[in-house]
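Chain residues, written in single-letter form:
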Amino acid sequence: MNIALMSHDNKKDLMVQFCTAYAGILSKHQLYATNTTGHMVADATGLNVHCFLTYAHGGSQQIGARIRYNEFDLVLFFNDPSNEARQPDLAYISRLCDRNNIPFASNIATAEMLILGPDGQPWDWIEVENTGAEGADISGYHLSDREGEARYTFPEGTVLAPGERTLVWSSGDESLGADHAAFRLSKLGGESVLLFDPLGNVLDRVTLPYLPDDHAYARLDGVWTITSLVTPGYENTQEGGICL
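Before going into details, it helps to say that this report is about the structure given with it. Since this is a predicted model, take the numbers as computed values, not measurements. (Residues numbered from 1 in each chain as written. Predicted model: local features only at pLDDT ≥ 70, side-chain atom pairs only at ≥ 80, totals over all residues. Heavy atoms only, no water.)

### A few points about the overall build of the protein
1) Next: Across its full length, the protein holds six helices and 15 strands.
2) Next: Considering only C-alpha atoms, the protein reaches an extent of 60 × 35 × 35 Å along its principal axes.
3) Next: Across the 244 residues in the protein, those meeting the buried criterion constitute 43%.
4) Next: Total accessible area on the protein is roughly 12,300 Å²; 48% of this is exposed by carbon and sulfur atoms.
5) Next: One finds the centroid of the 15 positive side-chain charges in the protein at a distance of 9 Å from the centroid of its 32 negative side-chain charges. (Helix = DSSP H or I, 4+ residues; strand = E, 2+ residues; numbered from the N terminus. Buried < 20%, exposed > 50% of the residue type's maximum accessible area, 1.4 Å probe, protein only. Areas by Shrake-Rupley, 256 points an atom, 1.4 Å probe, with all protein chains shown as cover. Lys, Arg positive; Asp, Glu negative; His and termini not counted. Charge placed at Lys NZ, Arg CZ, Asp CG, Glu CD.)

The structure is reproduced here in structure tokens:
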């Protein structure tokens, strides 16, 4: 599919997070975006994104022209409803999609439904961070939801600099990419996630509580906390934490 990506200024980070979460799916399609959004997504995810001009220089018109000729199969335009000055541009793109029967999403919930399909579910994720003062080579280390059974192995060359973090998507489908684990997690709680070294020594573990929809269980200042502010791939803070 040809997928167009657009976002208002304070939704660009959300678009990056969305594309990070679904990079395994998006990598199978052709991606197009306005300039700033496209470069932010490409830099953060490694996805190949064809970038048009910036919004200020006519990027939305370039995408609109291609919508008119049915050159896109899906348009994702993350909208800031508080930015009234940009609403005419959103309406312009939305009307074009309606006229040409092209699926359109202006928020992350709709985008997830379109990307995953009606029977799909958002993936869990696990974040591993190097909190030490030196680089850490975690090639061959494992994650699992079961004691003594490796269900995800970090690939060769996985080296984290101090403060660097990596995400593993608990999609249950390893075929989606090297960053996808062969297990999923239940929101009902009671399951554990374990990190262990190549010799099987458990280095860290956490048992999950019940998690409401769109919440994460994050280690904030050394304390595990349930939070509704989730930012996969970014630092855990009181304003936004991540883990699973």
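Here the narrative resumes.
### Topic: the pairing of strand β15 (residues 223-227)
Residues in a regular strand project their side chains so that they alternate between the two faces of the sheet.
1) Next: Across five bridges, the pairing between strand β14 (residues 216-220) and β15 is antiparallel. Residue pairing across strands places Ala216 opposite Thr227, the latter belonging to β15. (Pairing = 2+ DSSP bridges.)

### Comments concerning the pattern of salt bridges
1) Next: Under the counting rule described, the total for this entry stands at seven salt bridges.
2) Next: Between Asp145 and Arg151 there is a salt bridge; the shortest N-O distance is 3.0 Å. In this pair, the class of Asp145 matches that of Arg151, namely buried.
3) Next: Close ionic contact of Glu147 with Arg205 constitutes a salt bridge, the shortest N to O distance being 3.2 Å. Remark: Arg205 occurs in strand β13 (residues 202-207) and Glu147 occurs in the loop between β8 (142-144) and β9 (152-153); sequence separation between them is 58 residues.
4) Next: Overlapping salt bridges, with partners in common, bring together Asp145, Arg146, Glu149 and Arg151 in one network. (Salt bridge = Lys/Arg side-chain N within 4 Å of Asp/Glu carboxyl O.)

### Some remarks on unusual backbone geometry
1) Next: Of note, Asn101 is a non-glycine position whose phi angle comes to about 55°, a positive value.
2) Next: Mapped onto the elements of the fold, Asn101 is located in the loop between α5 (87-100) and β5 (104-105).
3) Next: Even without being a glycine, Asp221 presents a positive backbone phi close to 55°.
4) Next: Of note, Asp221 is situated in the loop between β14 and β15.

### A word on helix α6 (residues 108-116)
1) Next: Buried within α6 are the following residues: Ala111, Glu112 and Ile115. The arc that holds the buried residues of α6, viewed along the axis, is 100°, so those residues lie on one side.
2) Next: The elements touched by buried residues of α6 are α1 (12-21), α2 (23-26), β4 (74-78) and β5. (Arc of directions from axis to C-beta. Contact = heavy atoms within 4.5 Å.)

### Some details on the environment of Ile126
1) Next: For Ile126, the position within the fold is in strand β6 (residues 124-129).
2) Next: For Ile126, a relative accessible area of 3% corresponds to the buried category.
3) Next: Separated by 58 residues in the primary sequence, Ile126 and Arg184 have C-alpha atoms spaced 11 Å apart.

### Here's the deal with the nonpolar core
1) Next: Counting residues in hydrophobic clusters, the biggest one holds 27 residues, and the most contacted among them are Phe18, Cys19, Tyr22, Leu26, Leu47 and Leu76.
2) Next: Listing elements by their share of this core, those giving two or more residues are β1 (2-7), α1, α2, β2 (30-33), β4, α6 and β11 (165-170).
3) Next: Here the element with the most residues in this core is α1; it accounts for five residues.
4) Next: Setting aside residues no more than four positions away along its own chain, Phe18 makes contact with Leu76, Phe78, Ile108, Ala111, Glu112 and Ile115.
5) Next: In this structure, Val168, Phe183, Leu185 and Val193 belong to the second largest nonpolar core, which totals 17 residues. (Core = buried A, V, L, I, M, F, W, Y, C linked by side-chain atoms within 4.5 Å.)

### Overview of the packing of aromatic side chains
1) Next: What the rule picks out here adds up to seven aromatic pairs.
2) Next: Relative to Tyr22, the ring of Phe18 lies with its centre 5.0 Å away and its plane at 55°, an arrangement referred to as tilted.
3) Next: Classification of Phe18 as buried rests on a relative accessible area of 1%.
4) Next: With a centroid separation of 5.2 Å and an interplanar angle of 90°, the aromatic rings of Tyr152 and Phe154 are classed as edge-to-face. There is no split in this pair, since Tyr152 and Phe154 are both buried. (Phe/Tyr/Trp six-rings, centres within 6.5 Å; stacked < 30°, edge-to-face > 60°.)

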